[in-house]
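Below, each chain spelled out in residue letters.
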Amino acid sequence: MKLASAVFLLMLAPLAANCQDGAKTIERINPPTLSAPHGYSHVVIARGGRTVYIAGQVALDKDGKLVGEGDFGAQAKQVFENLKAALAAAHLGFADVVSITIYVTDLSQIDKFREFRNQYFGSDLPASTLIEVKGLFRPDVMIEMNAIAVARK
C-alpha cells in the first residue's frame, strides 16, 4: 500500500508543480492524431482553480421574455449575452470556459451559431459538443447552451 501511495504522489508532482502559486492554467490541445477541429478544442486541461457550472442558457431576457422569436441569429446572440452575464456574475470571462454543450432545433442554422461563437470566444476555444434536438423546453426556443468554466482560487 505504501508503494502505491508513493507512485500516486509522484504522478501528481508535475500537476502540483504547475500550480504551486495557486494560479489557474488552462491548456487547449489539438493532438495531430485527431482530425483538425473547426471552432472548438479537442482537449482542454484545467489546473488549479474552482469549477463553475453554468446552466443551459436560452434566449430569454432578464424579464423572462423571448428575444428573437423565429430568428435563430437573434436567439443565438441572446444566448451568448446571457452566458456572458452568468460568467460575469462568477467574475469570469469566455477565456475561462473549458467546455460547452449546445442544443439546437435546426442544425441548418449552425453557421449563425458559429458566427457568434467566434465573436465571443475568439481563439480561446473550449471543448464543445453540438446536439440537434427535436425540441427544447418551449416550442419557440431554438437554442440552449450550458458551460463549464474554471475560476481562479
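Everything numeric here is computed off the predicted structure, so don't read it as measured data.

Conventions and cut-offs
Residues numbered from 1 in each chain as written. Predicted model: local features only at pLDDT ≥ 70, side-chain atom pairs only at ≥ 80, totals over all residues. Heavy atoms only, no water. pLDDT = per-residue confidence, 0-100. Contact = heavy atoms within 4.5 Å. Phe/Tyr/Trp six-rings, centres within 6.5 Å; stacked < 30°, edge-to-face > 60°. Helix = DSSP H or I, 4+ residues; strand = E, 2+ residues; numbered from the N terminus. Buried < 20%, exposed > 50% of the residue type's maximum accessible area, 1.4 Å probe, protein only. Pairing = 2+ DSSP bridges. Axes fitted to C-alpha atoms, helices over the stretch in contact; angles between N-to-C directions.

A. Geometry of the confidence of the model for the protein chain. Of all residues in the protein chain, 84% attain a pLDDT of 70 or more, and the chain-wide mean is 87. Between residues 1–20, whose pLDDT stays under 50, and residues either more than four places distant or in other chains, the model counts five contacts.

B. Spatial organisation of the packing of aromatic side chains. A complete count under the given rule lists six aromatic pairs for this structure. Pairing phenylalanine 80 with phenylalanine 94 gives two aromatic rings, centres 6.4 Å apart and planes at 40 degrees, and the pair type is tilted. Within this pair, whereas phenylalanine 80 is found in helix α2 (residues 72–89), its partner phenylalanine 94 is found in the loop between α2 and β4 (97–104), the two being separated by 14 residues in sequence. Each member of the pair, phenylalanine 80 together with phenylalanine 94, is buried. Plain terms: the ring middles of phenylalanine 80 and phenylalanine 113 are 5.5 Å apart, the flat faces sit at 35 degrees to each other, and that makes the pair tilted. Placement of phenylalanine 80 in helix α2 and of phenylalanine 113 in helix α3 (residues 110–121) is noted, with a sequence separation of 33 residues between them.

C. Spatial organisation of the sheet that holds β4. Strand order in the open sheet made by the four strands is β3-β6-β4-β5, with mixed pairing throughout. With partners counted over all chains shown, the strands left at the sheet margins are β3 (50–57) and β5 (127–132), one partner each. Each strand of the sheet is rotated relative to its neighbour by a mean of 10 degrees, with strand direction disregarded. Of the strand pairs in this sheet, β3 and strand β6 (residues 143–151) are connected by six bridges, and their pairing is antiparallel. Along β6, the bridge assignment pairs threonine 51 with valine 150. Relative to the sheet, α2 contacts β3, β4 and β6, its axis offset from that of β6 by approximately 25 degrees. Against the sheet, α3 contacts β4, β5 and β6, and its axis sits at roughly 160 degrees relative to β4.

D. Representation of unusual backbone geometry. Positive phi, close to 60 degrees, is recorded for histidine 91, a residue that is not glycine. Note on placement: histidine 91 falls in the loop between α2 and β4. We classify histidine 91 as exposed; its relative accessible area is 72%.

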